[in-house]
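Architecture and fold: a report
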Amino acid sequence: MLAAQVGVAAAFVIHHVALAAVAGRDPDGGIRSWSAGAPALDFGPPARGTALLGAVISAVLLSLVVPLGPLLLGPSVPVLLALSFADPRRHTS
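Residues numbered from 1 in each chain as written. Predicted model: local features only at pLDDT ≥ 70, side-chain atom pairs only at ≥ 80, totals over all residues. Heavy atoms only, no water.

This part covers a nonpolar patch on the surface. Together, Leu68, Leu71, Leu72, Leu73 and Val77 make up an exposed nonpolar region whose accessible area comes to about 520 Å². With respect to the helices, strands and loops of the structure, Val77 is situated in helix α4 (residues 69-86). Relative accessible area serves as the criterion here: at 41%, Val77 is assigned to the partly exposed category. (Patch = residues over 30% accessible without salt bridge, like charges linked within 9 Å, V, L, I, M, F, W, Y side chains within 5 Å. Areas by Shrake-Rupley, 256 points an atom, 1.4 Å probe, with all protein chains shown as cover. Salt bridge = Lys/Arg side-chain N within 4 Å of Asp/Glu carboxyl O. Helix = DSSP H or I, 4+ residues; strand = E, 2+ residues; numbered from the N terminus. Buried < 20%, exposed > 50% of the residue type's maximum accessible area, 1.4 Å probe, protein only.)

Structure follows, in structure tokens:
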């Protein structure tokens with residue numbers, strides 16, 4: 001049961017980081033457009049989702065030495081990584 005909860009929590013965190021990145025790229029869009037764009041960002045290539053999850057875990061662990069570090073740095077670093085993944089200029093053929 002614990003393994004299932006950890007897996008669901010990891011998917012929940014990755015999806016919300018991607019949702020924040022999509023909302024940051026298109027602030028005038030609605031929740032429907034953000035919700036439609038987030039799964040392509042977070043659950044597309046497996047390496048991208050793994051990188052986002054690694055960024056979430058490492059940002060929280062590395063910012064534990066700073067008081068209020070996980071609250072300030074924990075969400076921002078993974079969202080910045082997700083924004084770089086969502087940049088269309090990065091994916092040139």
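Right, let's get into the packing of helix α1 (residues 2-25) against α4. Relative orientation of the contacting elements α1 and α4 amounts to 60 degrees, with a least axis distance of 8 Å. Between α1 and α4, the angle is such that the two are oblique. Relative to α4, the crossing made by α1 is right-handed. On the side of α1, the interface is formed by Val17, Ala20, Ala21 and Arg25, while α4 contributes Pro78, Val79, Ala82, Leu83 and Ala86. Looking at the contact of α1 with α4 residue by residue, the classes come out as 8 nonpolar, no polar and 1 charged. (Axes fitted to C-alpha atoms, helices over the stretch in contact; angles between N-to-C directions. Parallel < 35°, antiparallel > 145°, perpendicular 65-115°, else oblique. Left-handed = near helix turned anticlockwise from the far one by under 90°. Contact = heavy atoms within 4.5 Å. Nonpolar A, V, L, I, M, F, W, Y, C, P; charged D, E, K, R; others polar.)

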